[in-house]
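# Reading the structure
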Amino acid sequence: MKDKLKKLEATALPAIDKAKTPQQLQELSVKYLGRKGELTAILRTLKDLPADKKPEAGQLSNKTKQALEAAFSKKEQELSTAAVDQELKKDFFDTTLPGKTPPQGHIHPLSQLQEEIEQIFSKMGFAIMDGPEVEAEYYNFEGLNIPKDHPARDMQDTFFIDKEDHKKFGRLVLRTHTSPVQVRTMEKYGAPLRIIVPGRTFRYEATDASHDTTFYQVEGLLIDKDISLAHLKGVMAEMLGAVFGKPVTVRFRPGYFPFVEPGLEVDFSCLLCDGKGCKVCKGLGWVEFMGAGMVHENVLKAGGIDSKEYQGWAFGFGLTRLAMMRHKITDIRLLSNGDTRFINQF
Ligand code: PHE
């Protein structure tokens, strides 16, 4: 009997230790300790032993039984903690990790600049106006002293929207500049006036690095008594200084636009070379910036303003070009092609 018990221990203990799953362990438990198990079978023979051998054999078998039971419960513990570990690993959630931030958009560089410019002009007492992008031919041209068949119309190639020719207002066009809002605002509010009009404009153009069919302008209009071009120079120097964060010099050259008289081209001192001449300003020291001039008598008339009492100036610059200069963007098409790798840089 002693030998049988030893043999049993020698095979059962390693088998229990090797069990990999609770089921295997359960099967082993049936095999050794079950009603028809091997140890149970041995224990049943106890009663057949002579009385003097019984105590020793009883003790021995108890020991074996305890050893097996201890091995079973140890293994059972091991397997169940392993199961919990695995479960934890599967659903592991580290509450100390920072959360995932959802991607956040930001304001387009053109809109950023537009907002800044609106603020700068607001401080100088200008109101911000808006006008339709699909505009009547009249406001885009005739109202601005550009009659039908005038060669000046060729300066701005236009997208026409419909063929129908309305009596006074002509056909519908995508506005080629923000200047139509000059006449619209004069008609609506009269004089005095102090407005800027930031907005989207369109031209029928072949696109390249510096031309696009869609771009942004800012129109300015100031109508009052005793207004001169000196005021325009001051206002532009103020605005450009605020946009670029350093003093900017402004100069006037004669220029032609049918809706102003005299008409001007306005340049500012090149910020890259401080006026000494570089690649950006093509060695001139000046950057061409905008058209401007004293509002033409015929335009005041179209807006219903008495040109004997009031006069003023108007200007129009490319917001898109200004943004490109500010960020040193060399291709205008990048601003609207939807490539977020580009846009995320600003
Ligand atoms: N509207 C003109 C353009 O787009 C610019 C301009 C505006 C010129 C106001 C003079 C006065 O070219």
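Each value, and the rule that gives it
- Along each chain, numbering runs from 1 in the same order as the chain's sequence is written.
- Local features in this predicted model are restricted to residues whose pLDDT is 70 or higher, and side-chain atom pairs enter the listing and the counts only when it is 80 or higher, whereas totals over whole chains, interfaces and linings include all residues.
- Just so you know, side-chain values use all the structure's heavy atoms and leave hydrogens and water out.
- Helix and strand assignments follow DSSP, with helices taken as H or I runs no shorter than four residues and strands as E runs no shorter than two, numbered in order from the N terminus.
- With the radius of gyration taken over C-alpha atoms, the globule rule is written as 2.2 Å times the number of residues to the power 0.38.
- Each residue is assigned to one of three classes by its accessible area relative to the maximum for its type, calculated with a 1.4 Å probe on protein chains only: buried under 20%, partly exposed between the two thresholds, exposed over 50%.
- Only heavy atoms matter for contacts: two residues are in contact if any of them lie within 4.5 Å across the pair.
- In short, Shrake-Rupley with a 1.4 Å probe defines the accessible areas, and a residue's cover is counted only from the protein chains shown.
- When charges are tallied, Lys and Arg are placed among the positive residues and Asp and Glu among the negative ones, while His and the ends of the chain are skipped.
- Note that the charge is assigned to NZ on lysines, CZ on arginines, CG on aspartates and CD on glutamates.
- Here, a salt bridge means any side-chain nitrogen of Lys or Arg that lies within 4 Å of a carboxyl oxygen of Asp or Glu.
- We call a residue near a molecule or strand when any one of its heavy atoms sits within 4 Å of it.
- Here a polar contact is taken to be a pair of N or O atoms separated by no more than 3.5 Å, where protein atoms must pair a possible hydrogen donor with a possible acceptor and residues adjacent in sequence count only if both atoms sit in side chains.
- Put simply, Ala, Val, Leu, Ile, Met, Phe, Trp, Tyr, Cys and Pro go in the nonpolar bin, Asp, Glu, Lys and Arg in the charged bin, and everything else, Gly too, in the polar bin.
- Cavities and pockets are defined on a 1 Å grid built over the protein atoms alone: a cavity is a set of grid points where a 1.4 Å probe fits but cannot escape, while a pocket is an open set with protein on both sides within 12 Å along at least five of seven lines, and lining residues are those with an atom within 4 Å of any such point.
- Grid points are joined across faces, edges and corners, and a volume is the space filled by probe spheres set on the points.

## A short note on the overall build of the protein chain
Regarding its fold elements, the protein chain presents 11 helices and nine strands. In terms of overall size, the protein chain is more extended than a compact globule, its C-alpha atoms giving a radius of gyration of 45 Å where 346 residues would be expected to give roughly 20 Å. For the C-alpha atoms alone, the extent of the protein chain along its principal axes is close to 140 × 55 × 35 Å. Relative to its 346 residues, the protein chain shows a buried fraction of 40%. For the protein chain, the share of sequence-separated contacts (at least 6 apart) that also reach a separation of at least 24 residues comes to 65%. Accessible surface for the protein chain amounts to roughly 20500 Å². Of this, 53% is attributable to carbon and sulfur atoms. Side-chain charges in the protein chain split into 48 positive and 47 negative, and the spacing between the mean points of these groups amounts to 12 Å.

## Observations concerning helix α7 (residues 180-189)
Quick reminder: α-helices carry 3.6 residues per turn. Residues three or four places apart thus point the same way. The complete set of buried residues in α7 reads Pro-180, Val-181, Gln-182, Val-183, Thr-185 and Met-186. The first or second residue beyond α7 is Gly-190, which carries a positive phi of 65°.

## Quick look at the pattern of salt bridges
Oppositely charged side chains may form a pair once their charged atoms are brought near each other. Applying the stated rule across the entire model yields 15 salt bridges. Arg-251 is the salt-bridge partner of Asp-267, the closest N and O atoms lying 3.0 Å from each other. Of the two residues, Asp-267 sits in strand β7 (residues 260-269) while Arg-251 sits in strand β6 (residues 250-254), which places them 16 residues apart along the sequence. Judged by its relative accessible area of 28%, Arg-251 is partly exposed. Close ionic contact of Arg-253 with Glu-288 constitutes a salt bridge, the shortest N to O distance being 3.9 Å. A residue pair is termed long-range when its members are at least 10 positions apart, and Arg-253 in strand β6 and Glu-288 in strand β8 (residues 286-295) qualify at 35 residues. Glu-288 gets classed as partly exposed once you look at its relative accessible area, which sits at 47%. Three or more residues are tied together by salt bridges with common partners; here these are Arg-251, Arg-253, Asp-267 and Glu-288.

## Quick look at the site of the ligand
Close to the ligand lie 15 residues; His-177, Ser-179, Arg-203, Gln-217 and Gly-316 are nearest. Interatomic distance of 3.1 Å between a side-chain N/O atom of Arg-203 and an oxygen atom of the ligand. Contacts to the ligand include Gln-217, whose side-chain N or O atom sits 2.9 Å from an oxygen atom. In the complex, 92% of the free accessible area of the ligand, which totals 330 Å², lies under the protein chains. Elements with a contribution of two residues or more to the shell around the ligand: β5 (214-224), β8 and β9 (311-318). Here the element with the most residues in the shell around the ligand is β9; it accounts for three residues. A per-class count over the shell around the ligand returns six nonpolar, seven polar and two charged.

## Considering the layout of surface pockets
Computed from the structure, the second largest pocket encloses a volume of approximately 190 Å³. Leu-110, Thr-214, Tyr-216, Leu-335 and Ser-336 are, among the 14 residues lining the second largest pocket, the residues nearest its centre. Sorting the residues of the lining of the second largest pocket by element identifies α5 (109-123), β5 and α10 (319-327) as the ones contributing at least two each. Here the lining of the second largest pocket is built from residues that sort into six nonpolar, six polar and two charged.

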